[in-house]
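Observations on the model geometry
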Amino acid sequence: MTATRQRARDRSTRAGYAFLSPWLIGFLGLTAGPMIASLYLSFTDYNLFTAPEFVGIENYQRLLTDSNFHQAAKVTALYVVFGTPIKLAAALGVALLLHNSRRGQGFYRSAYYLPSLIGGSVSIAIVWKAMFIDEGIVAQIGSVFGGPDASAGGWVGDPGRTLPMLILLTVWQFGAPMVIFLAGLKQVPTEMYEAAEVDGAGPVRRFWNITIPLLSPVLFFNLLLETIHAFQIFNSAFIISNGSGGPAQSTLFYTLYLYFRGFRDFQMGYASAMAWVLVIVVGLISLLLFRSSKSWVHYSGDDR
């Protein structure tokens, strides 16, 4: 009987590995393998056409003195610091509006979620650029209310407004975190709101003392995902700047500059070093978020 059970267990194990094998092959061949290769290339001088030449930490030392690298890091940091909180605030605000049952609720949820599906596409970036470029609808409306002349390049031609324009684009794509917030709001007991209302708590107090604490795990999840996603911005910046990072390097995001170094200048070793610096930075920020979550994220059954 024991031998029979062992054979059945072995067959089950083999079947499990058989079903898992496509993922394992994909992970090793498309993720782990390229990552290990890029780590090696980050210590080499490689231009795609000749064999890699080992140069040690020279590529990483160049990053310290590369002014374009510093500008790309600055632009990306500003985008993450301002774009992510505004996007999450918009997602939470709309989720609160859609939380209560009302007529046409399904339609509104779908309509608000739709930009998340198409917002990262090239076509939307082109339309967004057309809206903010000179003679575009946004520039024309702004000129009516005393803004800059619509023929002066619009937002796209103004280095001081290109980053806010891209932040508006990412905020417009708040549908995915909104859906997650809606799911979290469904888990908040209505009895707690009723008890707080009986005790005289107003809407603002109920929001800060009940909604935010009980929604904090969902808020942390969205914050982590959207922060990582913000570091990966590429399509919209490339299309809106015509692949130049302009004007005046105001849209020179980290991934865009990495693309320039790797696929325009064929400095694959340097680009690999940039990629690993990005991985380390995102990893450290994620670690900080996890560490900080102990003081503000409250899970079910947590006495705090």
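See the structure above.
In short, a report on the structure. Keep in mind the model is a prediction, meaning the values are calculated, not measured.

Rules behind the numbers
Residues numbered from 1 in each chain as written. Predicted model: local features only at pLDDT ≥ 70, side-chain atom pairs only at ≥ 80, totals over all residues. Heavy atoms only, no water. Phe/Tyr/Trp six-rings, centres within 6.5 Å; stacked < 30°, edge-to-face > 60°. Buried < 20%, exposed > 50% of the residue type's maximum accessible area, 1.4 Å probe, protein only. Helix = DSSP H or I, 4+ residues; strand = E, 2+ residues; numbered from the N terminus. Polar contact = N/O pair within 3.5 Å; in protein donor to acceptor, adjacent residues only side chain to side chain. Contact = heavy atoms within 4.5 Å. Salt bridge = Lys/Arg side-chain N within 4 Å of Asp/Glu carboxyl O.

Okay, the packing of aromatic side chains next. Applying the stated criterion to the full structure yields 18 aromatic pairs. The interplanar angle of 75° and the centroid separation of 5.3 Å between the aromatic rings of Phe 207 and Trp 208 together place this pair among those described as edge-to-face. With a relative accessible area of 21%, Phe 207 lands in the partly exposed category. Taking the relative accessible area as the measure of exposure, Trp 208 reaches 53% and is therefore exposed. When the centroid spacing of 5.6 Å and the interplanar angle of 85° are considered together, the rings of Phe 238 and Tyr 259 count as edge-to-face. One end of the pair, Phe 238, is in helix 11 (residues 235-240); the other, Tyr 259, is in helix 12 (residues 254-264), with 21 residues separating them in the sequence. Judged by its relative accessible area of 25%, Phe 238 is partly exposed. Residue class for Tyr 259 comes out partly exposed when judged on its relative accessible area of 30%.

Take the side chain of Thr 255 next. The topology assignment puts Thr 255 in helix 12. On the basis of relative accessibility, which here comes to 15%, the residue Thr 255 falls in the buried class. Looking at Thr 255, its side chain comes within polar contact range of the main-chain oxygen of Ile 233, at 2.3 Å. Excluding residues that lie within four positions of it along the chain, Thr 255 makes contacts with Phe 231, Gln 232, Ile 233, Phe 234 and Leu 278.

With that settled, consider the pattern of salt bridges. This structure, assessed with the given rule, holds five salt bridges. The partner of Asp 66 in a salt bridge is Arg 261, and the shortest N-O contact between them spans 3.4 Å. Of the two residues, Asp 66 is situated in the loop between helix 2 (58-65) and helix 3 (67-99) and Arg 261 in helix 12; the sequence distance between them amounts to 195 residues. Taken individually, Asp 66 and Arg 261 each receive the classification buried, so the pair is uniform in this respect. Between Asp 265 and Arg 264 there is a salt bridge, with its nearest N and O atoms 3.3 Å apart. Linked by salt bridges that have partners in common, Asp 66, Arg 261, Arg 264 and Asp 265 make up one network.

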